[in-house]
Amino acid sequence: MLKCIGAAMAFCLSTAIGIMLCEREKARLKTLGELCDDMNAVRFKLRYAAVPLGELLEGMGSESTKQLWAAMREGICGGRSAAESWDELQKRGEAYACINGLNADEKSIVGEFMCGLGTSDKDTQLDRAEISINKLREHIRTVTPQINTSGKLYVSLGITLGLAGALMLI
């Protein structure tokens, strides 16, 4: 009886780990999409609103990215440049509370966008924003099939290892 319970536990644990890893990859893809939408909204506001950068970032972000934009706004309203605010957020770790699962390339694209805010005239900022958004969109197009494949792999591997562990215990 104990062997069966142990086998069931091994199977369930291994499967749960596979599902958890799959969900983490899906969350990464969702966060990338939300960041791209947020960056596009900032670009739109830059183009059509003649307000200071701190006001421009007010209320920005979706559920998962709102903390990032609020922290950036707080830094800018506190007298720091966007680049200084981004660097400070990275040091304190607040910037990554919502984008923890992103890799270095993805964080670099977001950082490039953030550091370009408020550094030059409107047209140059719009051009830089467009470049960053296009980089992120291209990156999303590239990694979407990889993330879908790896997500399925994690679940399949979890189930397979769970079955193997269960058979070894029985």
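The preceding data block contains the structure.
The structure contained in this document is the topic of the report that follows. Given the structure is predicted, the values throughout are model-derived calculations rather than measurements. (Residues numbered from 1 in each chain as written. Predicted model: local features only at pLDDT ≥ 70, side-chain atom pairs only at ≥ 80, totals over all residues. Heavy atoms only, no water.)

### Points about the overall build of the protein
Here comes step 1: The helix and strand tally for the protein stands at 6 helices and 0 strands.
Here comes step 2: Counting from the amino terminus, helix and strand elements in the protein follow one another as α-α-α-α-α-α.
Here comes step 3: For a compact globule of 170 residues, the expected C-alpha radius of gyration is about 15 Å, and the protein comes in at 21 Å, more than 25% above that figure.
Here comes step 4: Based on the C-alpha atoms only, the size of the protein along its principal axes is roughly 70 × 30 × 20 Å.
Here comes step 5: Across the 170 residues that make up the protein, the buried fraction comes to 37%.
Here comes step 6: Long-range pairs, those at least 24 residues apart, make up 66% of the contacts in the protein between residues at least 6 apart in sequence.
Here comes step 7: Just so you have it, the protein exposes about 9,600 Å², and 60% of that area is on carbon and sulfur atoms.
Here comes step 8: The distance from the centre of the 20 positive side-chain charges to the centre of the 21 negative ones in the protein is 5 Å. (Helix = DSSP H or I, 4+ residues; strand = E, 2+ residues; numbered from the N terminus. Rg over C-alpha atoms; globule rule 2.2 N^0.38 Å. Buried < 20%, exposed > 50% of the residue type's maximum accessible area, 1.4 Å probe, protein only. Contact = heavy atoms within 4.5 Å. Areas by Shrake-Rupley, 256 points an atom, 1.4 Å probe, with all protein chains shown as cover. Lys, Arg positive; Asp, Glu negative; His and termini not counted. Charge placed at Lys NZ, Arg CZ, Asp CG, Glu CD.)

### A look at the pattern of salt bridges
Here comes step 1: As enumerated under the stated definition, the model contains 8 salt bridges in all.
Here comes step 2: The salt bridge involving Glu34 is made with Lys30; its shortest N-O contact spans 3.7 Å. In this pair, Glu34 and Lys30 are both assigned in helix H1 (residues 2–48), 4 residues apart and thus about one turn of the helix distant.
Here comes step 3: Take Glu34: its relative accessible area is 14%, and that puts it in the buried class. (Salt bridge = Lys/Arg side-chain N within 4 Å of Asp/Glu carboxyl O.)

### Topic: the state of the cysteines
Here comes step 1: Under the definition given, this model contains 0 disulfides.
Here comes step 2: Free cysteine Cys12: the closest other cysteine sulfur is in Cys4, separated by 13 Å.
Here comes step 3: Judged by its relative accessible area of 49%, Cys12 falls in the partly exposed class.
Here comes step 4: Free cysteine: Cys22, not disulfide-bonded; nearest cysteine sulfur from Cys12 at 17 Å. (Disulfide = S-S within 2.5 Å.)

### Quick notes on the environment of Glu63
Here comes step 1: On the secondary structure map, Glu63 appears in the loop between helix H2 (53–56) and helix H3 (66–77).
Here comes step 2: Distance in space between the C-alpha atoms of Glu63 and Thr31 is 9.8 Å, their sequence separation being 32 residues.

### Details of the packing of aromatic side chains
Here comes step 1: Under the criterion given, the structure shown has 2 aromatic pairs.
Here comes step 2: Seen from their ring centres, Trp69 and Phe113 are 6.4 Å apart, and the 85 degrees between their planes marks the pair as edge-to-face. Residue Trp69 is located in helix H3, and its partner Phe113 is located in helix H5 (residues 104–116); the two are separated by 44 residues in the primary sequence. (Phe/Tyr/Trp six-rings, centres within 6.5 Å; stacked < 30°, edge-to-face > 60°.)

### Observations regarding helix H6 (residues 122–169)
Here comes step 1: Taking 1.5 Å per residue, 48 residues should reach 70 Å; H6 reaches 66 Å between its end C-alpha atoms and fits that length.
Here comes step 2: A bend of about 35 degrees at Val143 is the largest found in H6, and the proline Pro145 appears one to four places after it. (Expected span 1.5 Å × (residues − 1). Bend = angle between axes of the 7 residues up to and from the residue.)

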